[in-house]
Amino acid sequence: MTTPLTVTRIGHACQLIEFGDLRVLTDPWFTETATYHPGEPVIATVAGLGRIDALVISHEHYDHCDLDALVAGGFDLDTPLIGPGTVTDIAARKGFRNLRTIEAWESTTVGDLRVTATPGEHGVHEVTFVLQSGGRTVFFGGDSLRVPELDTLPTRFGHFDLTILPTNGLCVRPANMRQVVMDAEEAAALTAVLRPTLAIPHHYAFHSGRLGDRMITKSDNDPRHYADAVARLAPNVEVRMVLPGTPVHIA
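Because the structure is a prediction, the values reported are computed rather than measured.

## What to know about the pairing of strand S10 (residues 136–140)
- By the criterion of burial, S10 is predominantly enclosed, with five of the five residues buried.
- By the alternation rule, side chains of S10 split into Arg136, Val138 and Phe140 and Thr137 and Phe139, which are all buried.
- Of the strand pairs in this sheet, strand S9 (residues 127–133) and S10 are connected by five bridges, and their pairing is antiparallel. Paired with Val130 across the bridge in S10 is Phe139.
- Here S9 folds back onto S10, and the loop between the two strands holds two residues, one of which, Gly134, carries a positive phi near 55°.
- Examined bridge by bridge, S10 and strand S11 (residues 162–166) share three bridges and lie parallel to one another. When the sheet's bridge partners are listed, Val138 is paired in S11 with Leu162.

## Things to note about the nonpolar core
- The biggest cluster of nonpolar side chains holds 27 residues, and the ones touching the most others in it are Phe19, Phe129, Leu131 and Leu162.
- In this structure, Leu131 is in contact with Ile17, Phe19, Val24, Val56, Leu113, Arg114, Val115, Arg136, Thr137 and Val138, ignoring residues within four places of it in sequence.

## What about the sheet that holds strand S1 (residues 5–11)?
- Judged by pairing direction, the sheet is mixed, and its seven strands sit side by side in the order S6-S5-S4-S3-S2-S1-S17 without closing on themselves. The sheet is open, and its two edges are formed by strand S6 (99–101) and strand S17 (248–250), each paired on a single side. Averaged over all neighbouring strand pairs, the angle between strand axes comes to 20°, with direction disregarded.
- Strand direction decides the pairing type here: strand S5 (residues 81–83) and S6, joined by three bridges, are parallel. Directly across from Ile82, in S6, lies its bridge partner Arg100.
- The strands that helix H2 (residues 85–94) touches are S5 and S6; relative to S6, the one it contacts most, it runs at about 160°.

## Overview of the packing of aromatic side chains
- Here the structure, examined in full by the defined rule, presents seven aromatic pairs.
- Aromatic pair Trp29 and Phe206: ring centres 6.2 Å apart, planes at 55°, arrangement tilted. A residue pair is termed long-range when its members are at least 10 positions apart, and Trp29 in the loop between strand S3 (22–26) and strand S4 (54–56) and Phe206 in the loop between strand S14 (198–202) and helix H5 (209–215) qualify at 177 residues. Here the two residues Trp29 and Phe206 agree in accessibility, since each one is buried.
- Each ring, one from Phe75 and one from Phe96, has its centre 6.4 Å from the other, and the planes form 45°; the classification is tilted.

## What to know about the side chain of Asp66
- By the secondary structure assignment, Asp66 is in the loop between S4 and helix H1 (67–72).
- No salt bridge is formed by the buried Asp66; its nearest oppositely charged neighbour, Lys94, is found at 8.4 Å.
- Apart from the residues lying within four places of it in its own chain, the contact partners of Asp66 are Pro28, Trp29, Phe30 and Thr31.

Definitions and cut-offs
- Each chain carries its own residue numbering, running from 1 in the direction its sequence is written.
- Where local features are concerned, this predicted model is filtered to residues with pLDDT of at least 70; where side-chain atom pairs are given and counted, the filter is 80 or more; whole-chain, interface and lining totals use all residues.
- The side-chain figures draw on all heavy atoms in the structure; neither hydrogens nor water molecules are used.
- To sort residues, take the accessible area from a 1.4 Å probe on protein chains only and compare it with the maximum for the residue type: under 20% means buried, over 50% means exposed, and anything in between is partly exposed.
- Counting from the N terminus, the helices are DSSP H or I runs at least four residues long and the strands are E runs at least two residues long.
- Pairing between strands requires that DSSP locate at least two bridges from one strand to the other.
- Nonpolar cores are built from buried Ala, Val, Leu, Ile, Met, Phe, Trp, Tyr and Cys residues. Side-chain atoms within 4.5 Å join them into one set.
- Any two residues having at least one pair of non-hydrogen atoms within 4.5 Å are treated as being in contact.
- Comment: axis = line fitted to C-alpha atoms, over the contacting stretch for helices; angle = value between 0 and 180 degrees taken between N-to-C directions.
- Between 30 and 60 degrees the pair is tilted, below 30 it is stacked and above 60 it is edge-to-face, where a pair is any two Phe, Tyr or Trp rings, Trp via its six-membered ring, whose centres lie within 6.5 Å.
- For the charge count, each Lys or Arg is scored as positive and each Asp or Glu as negative, with His and the chain ends excluded.
- Salt bridge, as used here, is a side-chain nitrogen of Lys or Arg placed within 4 Å of a carboxyl oxygen of Asp or Glu.

Below you can see the structure in the form of structure tokens.
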């Protein structure tokens, strides 16, 4: 029998991915500041998450690595925390006790879950992840740019049941409009290579506030641009745009 696979977006790039009874939380973000706004409801509290079997974090930016919120919310600090060394170094200082440092192409296991770090590129050191359990395979793209190594994933891992990719093409205005996140067209081109059963966009509602959007960041907040691009480049791939809190079951 096929292991049930369900994903629920908590908000931004924070996803609850369930392989049967095994529950994985990605890139936690539960609070906001003057220049970091989710742009959509965050539909869970840390205390309301329930049991988490593994915590997977792509990089140390606050909107993906909100460890203070986890600690304040009573998160179990013995939960395996998986990420690159830049993340696990911070997590150790916050009191997390079960740290698994993996860099690109390295793997670790938590029960029946296998987590492999795959390449990424962003304004800071970042990895992406392939998550595998019960015959299911998920690619989690964090908020990376599209890098050529990701085109090798089908050869390395076979079929993907689910891909979760960022789509807002975030650019940093003070850095001469340097792009640090893949945009809708780039994410769609990667989707055409990965050819998952289901593709879900994320990391598009974020904004920096009225002033910050004019002075600090520029991004595309409409996930329909990704859906339209996938329809052109990979018409056989289903795209679903999901509101936070809506569980999606992958056949």
